[in-house]
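Analysis of the macromolecular model
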Amino acid sequence: MTDNSEHLFTLCLYSENTVGLVSRVSVIFTRRCVNIESISVGACSIEGVTKWVITAKTTRRSMEKIAAQVERCIDVLKVFVFDDEQIIYQEVALYKVATALLLKEHKIEDIIRAHSARILDITEEYTVIEKTGHYRETEALLATLRPYGLKQFERSGRVIVTKSTEELVTEFLEIQSRRLEQDRLDNNPQ
């Protein structure tokens, strides 16, 4: 893969939970004319730290420049750029379809099994199906369900863990903590 080839990158950033940071991060992408494909923000294994997972289709060079600029935001602790080979990821998709059509053709059980999905709710009007997987898997189920009166569809952004043995930001935070302690000792000799 060359620096000039465009493909989907996953940017993972760790931050404090601060108002307005979403806006500042999205402006960085906008200025570089890079569209955010998905964004997922939530808690991580470190208390008080928020983990963002942003996917965007661009070149490695462009994504690294974006990452460097995002990392300069005051509330951002650390930013990492990943290829799909470096992470384990999933998306969650919810599908609401007309119950009558699914039951009429007796296909619901076959569809659920074929796509490793599960039923979350059934009413007379609709059935809600959940599928966890990669984009192509959730798209395949979407294509299968369209003829059955698809009423609603929603897919989350990526949720990831790295193939590293621990949270990557942990080492960075430990170094920062040691640096702060050393600065404190240097400024307050006893």
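Here the focus is helix α1 (residues 21–31). Because the α-helix completes a turn every 3.6 residues, residues three or four places apart line up on one side. Every buried residue of α1 is listed here: L21, V25, I28 and F29. Angularly, the buried residues of α1 cover 95° about the axis, an arc narrow enough to put them on a single face. Opposite the buried face of α1, by more than 90 degrees, sit the exposed residues T30 and R31. Where α1 ends, the next residue or the one after it, C33, has phi of about 60°, a positive value.

Core analysis: the largest hydrophobic core is formed by 19 residues, its most contacted members being L11, L13, V25, F29 and V70. Mapped by element, the contributors of at least two residues to this core are β1 (7–15), α1, β3 (50–58), α2 (60–71) and β4 (76–82). Excluding anything up to four places from it in sequence, V70 contacts L13, V25, I28, V76 and V79.

Here the focus is the packing of aromatic side chains. The final tally for this structure, using the stated rule, is 3 aromatic pairs. Between Y95 and F153, the ring centres sit 5.1 Å apart and the planes meet at 40°, which makes this aromatic pair tilted. Placement of Y95 in strand β5 (residues 87–98) and of F153 in strand β8 (residues 150–155) is noted, with a sequence separation of 58 residues between them. Look at Y95 and you get buried, because its relative accessible area is 1%. Following the ring pairs from residue to residue traces out a cluster consisting of Y14, F80 and F82. A cation sits over an aromatic face here: K96 above Y126, 4.3 Å from the ring centre. Its end group placed over the ring of Y89, R158 keeps NZ or CZ at 3.7 Å from the ring centre.

A separate point is the sheet that holds β3. The strand order across the open sheet built from 4 strands is β2-β3-β1-β4, with neighbouring strands paired in antiparallel fashion. Each edge of the sheet is formed by a strand with only one pairing partner; in this case those strands are β2 (36–43) and β4. Each neighbouring strand pair of the sheet contributes to a mean axis angle of 15°, computed without reference to strand direction. Bridge count for β2 against β3 is 7 bridges, and the pairing is antiparallel. Bridge pairing links S38 to T55 in β3. Along the sheet face, α1 touches β1, β2, β3 and β4 and points at about 20° away from the line of β3. Along the sheet, helix α6 (residues 168–187) makes contact with β1 and β4, crossing β4 at roughly 145°.

A separate point is the side chain of D75. One can find D75 in the loop between α2 and β4. At 2.9 Å, the side chain of D75 and the side chain of R24 are in polar contact. Those residues in contact with D75 that lie beyond four places of it in its chain are S15, E16, T18, L21 and R24.

For strand β7 (residues 126–133), the tally of buried residues reaches 6 of 8 residues, placing the bulk of the element in the interior. Examined bridge by bridge, β5 and β7 share 8 bridges and lie antiparallel to one another. Bridge assignment links Y95 to a residue of β7, and that residue is I129. Bridging between strand β6 (residues 118–122) and β7 involves 4 bridges; their strand directions are antiparallel. What sits directly across from I119, in β7, is I129. Adjacent in sequence and paired antiparallel, β6 and β7 are bridged by 3 residues.

Conventions we followed
Residues numbered from 1 in each chain as written. Predicted model: local features only at pLDDT ≥ 70, side-chain atom pairs only at ≥ 80, totals over all residues. Heavy atoms only, no water. Buried < 20%, exposed > 50% of the residue type's maximum accessible area, 1.4 Å probe, protein only. Helix = DSSP H or I, 4+ residues; strand = E, 2+ residues; numbered from the N terminus. Arc of directions from axis to C-beta. Core = buried A, V, L, I, M, F, W, Y, C linked by side-chain atoms within 4.5 Å. Contact = heavy atoms within 4.5 Å. Phe/Tyr/Trp six-rings, centres within 6.5 Å; stacked < 30°, edge-to-face > 60°. Lys NZ or Arg CZ within 6 Å of the ring centre and 35° of its normal. Pairing = 2+ DSSP bridges. Axes fitted to C-alpha atoms, helices over the stretch in contact; angles between N-to-C directions. Polar contact = N/O pair within 3.5 Å; in protein donor to acceptor, adjacent residues only side chain to side chain.

Remember that the coordinates give geometry; whether it matters functionally is a separate question.
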